[in-house]
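Residue-level structure breakdown
Next come the chains, spelled out residue by residue.
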Amino acid sequence: MSVRTLPPLGPNRRLKLPREAERTLPNGLTVIAVRRPAVPLVELRLWLPFGRAHLARSLMLSQTLLSGTGTMSSVEIAAELQKVGGGLSAGLDPDRLMVSGTGLVTGLDRLLDLLAEVLTGAAYPRDEVGTERARLIDGIRMAQSQPAHLARKALLKRMYGRHPYAVQTPEPEQVEAVRPAQLRALHAERVRPGGAILLLVGDVQPARALDAAERALAGWSGEEAPGELPPAPPLESGPLLLVDRPGSVQSSVRMALPAVPRTHPDHAALQLANLVFGGYFSSRWVENIREDKGYTYGPHSLIEHSVAGSALVVAAEVATEVTGPAMLETIYELGRLASLPPKEDELEQARQYALGTLQLGISTQAGLAAVASGYAGSGLRLDFLAEHAARLAKATREDVAAAAASYLAPARAVTVVLGDAAAIEGPLSVLGPVRTEAVGS
């Protein structure tokens, strides 16, 4: 069979960014409007800093925020949203409460009115809270039976110690104890406009969108809640942590390496180094342990950004019998990249992927809203995207090699493996010190 030569990579397209209009309202809410007229819709993202509030209560609040107000039931809220072709949902991450929504541009005023109704009048009815509490407990119990969840839980604990990031899922009994009165108290304490950011992206006139948001949300009041997170602690490598899951046919391999925030001068070069290592399908690590040796199906690595710190996380699920060899190859690929600069064609392919992903990520209203809200939550605006693209385009082999040497050296990694200790402790011990503990310790 003849091998076809791939065509040369095309030139990088200039990143075109829409303009943002921004206004901080008297109540402390920052509103950002971005015009993207592709379709007659608008995307809404509300970012509320949530700090170190009680985890189980915070998660329950996010699940029941839309369960009704003093004047509207959850069914009535949903019906009103449907009239404007829209919807609202809420979620929680370690840094924030996020309310997301979409709707027809012609229904923007009503969408904002309903958002205001929820923010100022959420009632947390007993029956709705009970239903969502039971659903959340079932979901947590299901997750606790999954190796990926258990491995992630152990990795976070190793990475963050006593920092609030160390525990990101409450225990079922903690959720069981949550009551509606506690949710109403937490809402009054934390769901406030001070420090919050509302983003509107779509076929809108930005100035009119800002006016509409101010009309709808002027009655929402409250200073920014206390609860700023301390900086994440530096990673402490130590011995490999082996979490024993007897009888497991697979091992979950997790590693964390140091990373830097988006604004750091090394960030673009580190992003490219990660892509060369394992951040996309054509990376060295994927080629090695997936394509060449068949140890795993979907290994991946990515840089995770949070308000209190950033980290590069490496993950793979491998068959029990090849856990040791897979770890050896992972360490080898990290060490190789930390010791030798990537080839020019390797770097250029990773660069094209990074720049293309930027373009693709903002090509839709929803994608643009996700990127812009994520940046806004870190104190950045869309113009930073152009700066980052320029840094990606200019990064040299030497820049990437320096970033890899600084951040990807395997000796700096925090490593966790979840699997059958009886079968894999011996092979892993050959590679370095191992500390074993039971699941859930």
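Before reading on, note that the structure itself is shown above.
Residues numbered from 1 in each chain as written. Predicted model: local features only at pLDDT ≥ 70, side-chain atom pairs only at ≥ 80, totals over all residues. Heavy atoms only, no water.

**Considerations on the layout of surface pockets**
Approximately 590 Å³ is the volume found for the largest pocket. Gln 271, Ile 303, His 305, Thr 357 and Leu 358 are, among the 24 residues lining the largest pocket, the residues nearest its centre. For the lining of the largest pocket, the secondary-structure elements that each account for two or more residues are helix H9 (267-279), strand E9 (300-306), helix H12 (344-361), helix H13 (365-377) and helix H14 (383-394). Grouping the amino acids of the lining of the largest pocket by side-chain chemistry returns 11 nonpolar, 11 polar and 2 charged. (1 Å grid on protein atoms, 1.4 Å probe; cavity = no way out; pocket = protein on both sides within 12 Å on 5 of 7 lines; lining within 4 Å. Points joined across faces, edges and corners; volume = space filled by probe spheres on them. Helix = DSSP H or I, 4+ residues; strand = E, 2+ residues; numbered from the N terminus. Nonpolar A, V, L, I, M, F, W, Y, C, P; charged D, E, K, R; others polar.)

**What to know about helix H7 (residues 180-190)**
Buried residues of H7: Pro 180, Leu 183, Leu 186, His 187 and Arg 190, and no others. Seen end-on, H7 carries its buried residues on one side only, within an arc spanning 120 degrees. Summarising the contacts, the buried residues of H7 are in contact with strand E3 (41-49), helix H1 (55-64), helix H3 (108-121) and helix H4 (126-143). (Buried < 20%, exposed > 50% of the residue type's maximum accessible area, 1.4 Å probe, protein only. Arc of directions from axis to C-beta. Contact = heavy atoms within 4.5 Å.)

**Quick look at the packing of aromatic side chains**
Within this structure, the stated rule accounts for 4 aromatic pairs. On the basis of an interplanar angle of 80 degrees and a centroid distance of 5.4 Å, the ring pair of Tyr 160 and Tyr 165 is categorised as edge-to-face. On the basis of an interplanar angle of 40 degrees and a centroid distance of 4.5 Å, the ring pair of Tyr 280 and Tyr 353 is categorised as tilted. Of this pair, Tyr 280 sits in the loop between H9 and helix H10 (284-292) while Tyr 353 sits in helix H12, and the two are 73 residues apart along the sequence. The ring of Tyr 297 is capped by Arg 290, whose NZ or CZ atom sits 4.6 Å from the centre of that ring. (Phe/Tyr/Trp six-rings, centres within 6.5 Å; stacked < 30°, edge-to-face > 60°. Lys NZ or Arg CZ within 6 Å of the ring centre and 35° of its normal.)

**A look at the pairing of strand E2 (residues 30-35)**
Within E2, 5 of the 6 residues are buried, which leaves the element mostly enclosed by the surrounding structure. By the bridge criterion, 5 bridges tie strand E1 (residues 20-24) to E2 in an arrangement that is antiparallel. Note on E2: the bridge partner recorded for Glu 20 is Val 34. Adjacent in sequence and paired antiparallel, E1 and E2 are bridged by 5 residues, among which Gly 28 carries a positive phi angle near 100 degrees. Across 6 bridges, E2 lies against strand E6 (residues 197-202) in parallel orientation. Bridge pairing in E6 places Val 31 opposite Leu 198. (Pairing = 2+ DSSP bridges.)

**Regarding the packing of H10 against helix H11 (residues 323-339)**
Contact geometry of H10 with H11 gives a least axis separation of 10 Å together with a crossing angle of 155 degrees. Comparing their axes, H11 and H10 come out roughly antiparallel. Where H10 crosses over H11, the handedness of that crossing is right-handed. Of H11, the residues touching H10 (which contributes Arg 284, Trp 285, Asn 288 and Ile 289) are Glu 329, Thr 330, Tyr 332, Glu 333, Arg 336 and Leu 337. (Axes fitted to C-alpha atoms, helices over the stretch in contact; angles between N-to-C directions. Parallel < 35°, antiparallel > 145°, perpendicular 65-115°, else oblique. Left-handed = near helix turned anticlockwise from the far one by under 90°.)

**Looking at the sheet that holds E9**
The strand order E9-E10-E8-E11-E7-E12 describes an open sheet built from 6 strands, whose pairing is mixed. Only two strands of the sheet have a single partner each, and these edge strands are E9 and strand E12 (434-438). Across the sheet, the axes of successive neighbouring strands diverge by a mean angle of 20 degrees, strand direction being ignored. The strands touched by H9 within the sheet are strand E8 (250-258), E9 and strand E10 (309-319), with E9 carrying the most contacts at an inclination of about 150 degrees.

**Some details on unusual backbone geometry**
Backbone geometry at Tyr 124 places phi at a positive 50 degrees, although glycine is not the residue there. The residue Tyr 124 is located in the loop between H3 and H4 in this model.

**A short note on H14**
When the terminal C-alpha atoms of H14 are compared, their 17 Å separation across 12 residues agrees well with the 16 Å that a helix rising 1.5 Å per residue should span. For H14, the complete set of buried residues consists of Phe 384, Leu 385, His 388, Ala 389 and Leu 392. End-on view of H14: buried residues confined to an arc of 145 degrees, all on one side of the axis. Opposite the packed face of H14, turned more than 90 degrees from it, sit the exposed residues Asp 383 and Lys 394. (Expected span 1.5 Å × (residues − 1).)

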